[in-house]
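Read off the chains here:
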Amino acid sequence: MSIDHAHWAEYLAAGVDERRELAAITKTIEDLSIDDAYAIQAALLELQLGRGDTLAGAKLGLTSAAKQEQMGVSEPVYGWVRSSTVLEPDDGVNPVALSDFIHPRIEPEIVFRLAEDLAGPGVTAGDALDATAEVIGGIEVIDSRYEAFSFTLPDVVADNTSAAAVAIGTDGVGPREVDLTTLGCVLEVDGEITGTATGAALLGSPAECLAMLANHVGKHGQKLEAGWIIMAGAATDAKPLAVGTTAAARYSSLGSVRVVGV
Ligand code: OOG
Ligand code: MG
């Protein structure tokens, strides 16, 4: 069966624009393939960039056991980060306007800022570090466009891996200044520790994740670009963000990143 990618891209864009929950695409197309899901994701991005947005980077998701178990999906996914979704800190805290989202959750992210373009095939974790300018702590706001934040692998791929917003810290370090596998992260929500993890929770190493993403985009004739930010995926499970909720991701060598629901 041939799938109308542009139609499903418009369907998802309406969910984003109208902050409206949608039925999962696989409720209609039960056998939606991963390739078709990435084609819908590409059509959605094209539509959003056509309105004047630009790309700020890319992301992986579901790269840790914690996230795979939380979402019931057992494979990593890849998506895009648009410039309009990068949050602006206000006095060290990133306000997240809840009215912009459906049912947002926050999760800690190890973020790479690239010094050089990077694309597969054959990119290794070492190549990924060579292409990195700095590693920074972050918090991602995810917001599935699907009812009850519930989806299958092709659904979440089509929905640009639930990408919604990202807060980036200020205390980046050089890619070889810290051991990314033992880099520690604590997620705190309203002062309570809700999760702890190390970089090794991400497919053994965050650099491995970046290499996988570079190889994925290379397969689609694309590249990760110098200056972009790349999220490696959350190492702990995600927590809901409500008005008044404050959250901090504290990293052993990357400082802290804070958000507040407003
Ligand atoms: C999918 C997005 C996953 C991550 O870091 O694992 C993701 C979801 O959980 O809705 O961004
Ligand atoms: Mg994430």
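Heads up: the structure comes first, above all this text.
Since the structure is predicted, the reported quantities are computational estimates derived from the model, not experimental observations. (Residues numbered from 1 in each chain as written. Chains lettered and ligands numbered in written order. Predicted model: local features only at pLDDT ≥ 70, side-chain atom pairs only at ≥ 80, totals over all residues. Heavy atoms only, no water.)

## Comments concerning the layout of surface pockets
In step 1: Here the largest pocket defines a volume of roughly 440 Å³.
In step 2: Surrounding the largest pocket, 25 residues form its lining, Val16, Arg82, Thr85, Phe101 and Ala164 being those nearest its centre.
In step 3: Looking at the lining of the largest pocket, the elements with two or more residues in it are helix H1 (5–17), helix H2 (34–50), strand S3 (94–96) and strand S6 (163–168).
In step 4: Here the residues of the lining of the largest pocket are counted per class, giving eleven nonpolar, six polar and eight charged.
In step 5: Its volume calculated, the second largest pocket comes out at about 180 Å³. (1 Å grid on protein atoms, 1.4 Å probe; cavity = no way out; pocket = protein on both sides within 12 Å on 5 of 7 lines; lining within 4 Å. Points joined across faces, edges and corners; volume = space filled by probe spheres on them. Helix = DSSP H or I, 4+ residues; strand = E, 2+ residues; numbered from the N terminus. Nonpolar A, V, L, I, M, F, W, Y, C, P; charged D, E, K, R; others polar.)

## So, the pattern of salt bridges
In step 1: Taken as a whole and assessed by the stated rule, the structure comprises twelve salt bridges.
In step 2: Note that Arg51 is salt-bridged to Asp17, the shortest N-O span being 2.7 Å. Within this pair, whereas Arg51 is found in the loop between H2 and strand S1 (55–61), its partner Asp17 is found in helix H1, the two being separated by 34 residues in sequence.
In step 3: Judged by its relative accessible area of 36%, Asp17 falls in the partly exposed class. (Salt bridge = Lys/Arg side-chain N within 4 Å of Asp/Glu carboxyl O. Buried < 20%, exposed > 50% of the residue type's maximum accessible area, 1.4 Å probe, protein only.)

## Focus: the state of the cysteines
In step 1: Scanning the model with the defined rule gives zero disulfides in all.
In step 2: We note that Cys185 lacks a disulfide partner, and the nearest cysteine sulfur, in Cys209, lies 14 Å from it.
In step 3: Classification of Cys185 by relative accessible area gives buried; the value is 7%. (Disulfide = S-S within 2.5 Å.)

## A short note on empty space enclosed by the protein
In step 1: This model, assessed by the stated rule, comprises four cavities of 30 Å³ or more.
In step 2: Of the volumes computed, that of the largest cavity is approximately 90 Å³.
In step 3: Lining the largest cavity are 13 residues; nearest its centre among them are Leu62, Lys67, Ile142, Thr161 and Ser162.
In step 4: Of the residues assigned to the lining of the largest cavity, the class counts are seven nonpolar, three polar and three charged.
In step 5: Of the pockets and cavities examined, the second largest cavity occupies roughly 60 Å³.

## A few points about the packing of aromatic side chains
To describe a pair of aromatic rings, one takes the distance between the centres and the angle between the planes.
In step 1: According to the stated counting rule, one finds three aromatic pairs in the structure shown.
In step 2: Taking 4.9 Å as the distance between ring centres and 80° as the angle between the ring planes, the aromatic pair formed by Trp8 and Tyr11 counts as edge-to-face. Here Trp8 pairs with Tyr11, and both are found in helix H1, just three residues apart, close to one helical turn.
In step 3: Residue class for Tyr11 comes out partly exposed when judged on its relative accessible area of 24%.
In step 4: Ring geometry for Trp80 and Trp228: centres 6.2 Å apart, planes at 85°, overall edge-to-face. Residue Trp80 is found in strand S2 (residues 77–82), and its partner Trp228 is found in the loop between helix H6 (206–219) and strand S9 (229–231); the two are separated by 148 residues along the sequence.
In step 5: Judged by relative accessible area, which is 8%, Trp228 ranks as buried. (Phe/Tyr/Trp six-rings, centres within 6.5 Å; stacked < 30°, edge-to-face > 60°.)

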